[in-house]
Amino acid sequence: LLESRQTGHQRAFLKIQDGCDAYCTYCIIPTLRPRVSSKPVEDVVEEARRLVGAGHVELILTGIFMGAYGQETALRRRQIARDALTPLGRLIEGLCTRVPGLKRLRLSSLEPGDLTADLLGLMRSHAQVVPHFHLPLQSGSERVLRRMNRQYTRDDFLRMIDDVRAAFDRPAITTDIIVGFPGETEDEFRQTVDVAERSGFIHVHAFPFSPRPGTAAARWAKDFVRPDVAAERVRALREIGERQGLSFRRQFAGETVEVLAESSNASDDAHWQHGRTARYFAVHFQHPEGAAGRTVRVRVDEVLPDRTVGTVVGMGEA
Ligand code: SF4
């Protein structure tokens, strides 16, 4: 079994896949762990049952390359012909139908090519699958994506965003972006900004390119982008994520949302707590006895840049 790890009381990470042979030009993983392996469905279901039995009612599926689940390679052109439902789809179905007590199922990272119409339809049909998707963009420039050796185009990515939005009510979409990839021009960065705005990411994990010895991109030193330029691009993308995240949360003002309550905030009034919604943003609320580990229905009263505050209107089961 691959390792799994827990965080807090309610959420647990469940690793389902390891290794990658896609050889993105900036990534060292295929050199270190080229063998693609997956945890069998039965083992994942069994592990999920144990985790849920221990109180982790939200599971986050993780892997180096989720789209390679049940495949021998992460290279899409070499993956074996599949029936309508991919192995990842069959796994999600198994978890949603065979793990009593599982409230939320979150998938850590997906790409165009993973989210087929069949998979989206399946996810939509199981209430446990949360409307939060982490979809790493890396770059919105066609040329940079090719130089990165990513397996999708800018248009593939934008189509995936449209498909997710069509399938789910107000999905929360987060992403990872590498800025200052060797040779990235101002215009190419603008294309990334354009995709970030069109996609409406509510959080952008932007980080500057950092050469990993042994990778192809580490050898392109003459094209390295100046650190101050990269830092400015990181700042611009983070700002977009914060702005879009705030307007995303504002849609829920006045609505009642379900949160999984986490531990009390010791630095605050002892009665203040927070929990995460299915769309992953945190909501802060007061509860006299403490609600950690419980499902709480909270009316969203106030949406501030740094926090969302609400009032408890009902409790779920412990
Ligand atoms: S797909 Fe992910 S793990 Fe595989 S080489 Fe690319 S960045 Fe690395």
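Residues numbered from 1 in each chain as written. Predicted model: local features only at pLDDT ≥ 70, side-chain atom pairs only at ≥ 80, totals over all residues. Heavy atoms only, no water.

A few words now on the overall build of the protein. Assigned secondary structure in the protein consists of eight helices and 13 strands. For a compact globule of 318 residues, the expected C-alpha radius of gyration is about 20 Å, and the protein comes in at 20 Å, within 12% of that figure. Seen through its C-alpha atoms, the protein measures out along the principal axes to roughly 60 × 45 × 35 Å. A total of 318 residues make up the protein; the buried ones form 53% of that total. Considering only contacts in the protein between residues 6 or more positions apart, those separated by 24 or more positions represent 71%. Here the protein contributes 44 positively and 42 negatively charged side chains, and the mean placements of these two sets differ by 2 Å. (Helix = DSSP H or I, 4+ residues; strand = E, 2+ residues; numbered from the N terminus. Rg over C-alpha atoms; globule rule 2.2 N^0.38 Å. Buried < 20%, exposed > 50% of the residue type's maximum accessible area, 1.4 Å probe, protein only. Contact = heavy atoms within 4.5 Å. Lys, Arg positive; Asp, Glu negative; His and termini not counted. Charge placed at Lys NZ, Arg CZ, Asp CG, Glu CD.)

Let's shift gears to the pairing of strand 8 (residues 203-208). Consecutive side chains of a regular strand alternate in pointing toward one face of the sheet and then the other. Both strand 7 (residues 172-179) and strand 8 contribute to a ladder of six bridges, which runs parallel. Within strand 8, the position partnered with Val179 by the bridge is Pro208. Each parallel crossover has a hand, and the one from strand 7 via helix 7 (residues 186-199) to strand 8 is right-handed. (Pairing = 2+ DSSP bridges. Right-handed = clockwise from strand over helix to strand, strands pointing away.)

With that settled, the discussion passes to the confidence of the model for the protein. Detailed reading of the predicted model is not advised wherever pLDDT is low. For the protein, per-residue confidence averages 92 on the pLDDT scale, and residues scoring 70 or more make up 93% of the total. The model gives residues 1-5 a pLDDT under 50, and that stretch makes 18 contacts with residues more than four places away or in other chains. (pLDDT = per-residue confidence, 0-100.)

Under the counting rule described, the total for this entry stands at 10 aromatic pairs. Ring centres of Phe157 and Phe201 lie 6.1 Å apart, and the angle between their planes is 70°; on these two criteria the pair is classed as edge-to-face. Taken together, the residues Phe157 in helix 6 (residues 154-167) and Phe201 in the loop between helix 7 and strand 8 connect sequence positions 44 residues apart. Phe201 shares its class with Phe157; the two are buried. Clustering of aromatic rings is evident, with ring pairs tying together Tyr26, Phe181, Phe209, Trp220 and Phe224. (Phe/Tyr/Trp six-rings, centres within 6.5 Å; stacked < 30°, edge-to-face > 60°.)

Turning our eyes to something else, we now look at the environment of Ala236. Locating Ala236 in the fold gives a position in helix 8 (residues 227-250). With 43 residues separating them in the primary sequence, Ala236 and Val193 have C-alpha atoms 8.4 Å apart.

Once that is clear, we can look at the sheet that holds strand 7. In spatial order, the strands read 6-7-8; together these three strands make up an open sheet with parallel pairing. Two strands close off the open sheet at either side, each with one partner strand: strand 6 (132-134) and strand 8. Direction aside, the axes of adjacent strands within the sheet are offset by 10° on average. (Axes fitted to C-alpha atoms, helices over the stretch in contact; angles between N-to-C directions.)

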